[in-house]
Amino acid sequence: MAGVTLTGVEKVYDGGVKAVSDFNLDIADKSFVVFVGPSGCGKSTTLRMIAGLEQLTGGEICIDGRVVNDVPAKDRDIAMVFQNYALYPHMTVFQNMAFGLTIRKFPKSEIRRRVDEAAAMLEITHLLDRLPRALSGGERQRTALGRALVRDPKVFLLDEPLSNLDARLRATMRAELKELHRRVGTTFIYVTHDQTEAMTMGDQIVVMKDGFIQQAASPQDLFHRPANVFAATFIGAPPMNLIPGVLRAAGEGVSAVFGRFSLPLPERFAVHRQVRDYLEKSVIFGLRPTDIDDAAEASNPKREWVIRLPVEQTELLGAEMNVICKEGDLRVTAVVGNQSKAKEGQPLDLCLDLEKLHIFDAETERSILLV
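The shown structure was predicted, so the numbers you read here are calculated from the model rather than taken from an experiment.

A. Structural detail: the sheet that holds strand β20 (residues 358-361). Spatially, the five strands line up as an open sheet ordered β13-β12-β11-β14-β20, and their pairing is antiparallel. The two strands at the open ends of the sheet, each matched to only one other strand, are β13 (261-264) and β20. Going across the sheet, the axis of each strand differs from the next one's by a mean of 40°, ignoring polarity. As paired strands, strand β11 (residues 241-250) and strand β12 (residues 253-258) are joined by five bridges and run antiparallel to one another. Paired with Arg248 across the two strands is Ser255, which belongs to β12.

And the structure:
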């Protein structure tokens, strides 16, 4: 098994298009790391550089302590699962899974043993004689995973492997991949644009934008301690509310001023050095919709943290309801219980949990609370 280290990795394509810039990351042995970000952010390019399918423009990649910049893909002891599965249509499931071992001239008995073990683990033993056209999407995905598994690689690389599956099967396969990782005990590096996949599967999540790492953290830290506006809004559904405003001194305390509201902040903000440095400066307040409740439904709401806004739209989602309120340029989304009396066109008292408030620099968009 192996860890992976990327130091100053860059990729520039012909014409000067920079896909990845100054990428620095230590991936621990046996961890499950997810690269996540919008299309074109450089996550798949980074994965392909680790695999040896793309040449680095700059920097260094180490796998198990060995620099692999000039090592061919076939000699890196990695296995990759692609988005389209890349199965050979004329080969059976067994032949597809065995192909990599066959061309390396493994003994037939060893090939049979490895394929049978992987097929049993993935519960596709009964499919070994079928051709890919006779398989469902999930069965094809398991076959592609099995082909990688039989190689017993140091590192698994998975490039959006669930994107072609329907929503229910994706949820099932997420759980199966996590269980596979636990059983195999190998380093997994997984690429997706889906934040749900990232949050439910990764030990560490690497959020990317425009070729740069925005934040690399555990799912919990990424959700509760986002480093900047992009990371804060990319993770979480509905996305975090972003409210332009000003920090203002209020006696010995500090208030958040936005729209027509001025709300006293908890004491920890008042004693925070960076908050004091930002008094009377433009900031962006961030608050997740799950940290805003219908004041009539909230347990022990703090009246000083209640604001009244007109409801623009409601979205009933079973046990919860998304309530979107708007007044002028101020737009706030709250996730409330399905018993809320919120009605479109009517005012609603919202209770804000300012203990969970995030504050970002209006220019750099970086959190001022993590400095």
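B. Here's a closer look at the pattern of salt bridges. Evaluated as defined, the whole model comprises 20 salt bridges. Of the charged contacts in the structure, one is a salt bridge between Asp64 and Lys154, with a shortest N-O distance of 2.9 Å. Linking Asp64 in the loop between β4 (58-63) and β5 (66-67) with Lys154 in the loop between α4 (137-149) and β7 (155-159), this pair joins segments that are 90 residues apart in sequence. For Asp64, a relative accessible area of 39% corresponds to the partly exposed category. For Glu110, the salt bridge goes to Arg114, with nearest N and O atoms at 2.9 Å. Taken together, the residues Glu110 and Arg114, both in helix α3 (residues 108-122) and four residues apart, mark about one turn of the helix. Neither Glu110 nor Arg114 differs from the other in exposure class; each is buried. Because the salt bridges share partners, they merge into one network encompassing Glu110, Arg113, Arg114 and Glu117.

C. Structural view of α4. Relative to the 18 Å expected for 13 residues at 1.5 Å per residue, α4 spans 18 Å between its end C-alpha atoms, a close match to the ideal helical length. Across the 13 residues of α4, 11 count as buried, placing the element largely inside the fold. Those residues of α4 that fall on the buried side of the exposure criterion are Gly138, Glu139, Gln141, Arg142, Thr143, Ala144, Leu145, Gly146, Arg147, Ala148 and Leu149. Check the buried side of α4 and you find it contacts β6 (78-81), α2 (93-103), α3, β7 and α5 (167-184).

D. Molecular detail of the sheet that holds β4. Spatially, the four strands line up as an open sheet ordered β2-β1-β4-β5, and their pairing is antiparallel. Looking at strand neighbours, the two that pair on one side only are β2 (17-27) and β5, the edges of this open sheet. Across two bridges, β4 lies against β5 in antiparallel orientation. Along β5, the bridge assignment pairs Cys62 with Val67. Helix α1 (residues 43-51) rests against β1 (4-13), β2 and β4 of the sheet, and its axis sits at about 115° to β1.

Analysis parameters
Residues numbered from 1 in each chain as written. Predicted model: local features only at pLDDT ≥ 70, side-chain atom pairs only at ≥ 80, totals over all residues. Heavy atoms only, no water. Pairing = 2+ DSSP bridges. Helix = DSSP H or I, 4+ residues; strand = E, 2+ residues; numbered from the N terminus. Axes fitted to C-alpha atoms, helices over the stretch in contact; angles between N-to-C directions. Salt bridge = Lys/Arg side-chain N within 4 Å of Asp/Glu carboxyl O. Buried < 20%, exposed > 50% of the residue type's maximum accessible area, 1.4 Å probe, protein only. Expected span 1.5 Å × (residues − 1). Contact = heavy atoms within 4.5 Å.

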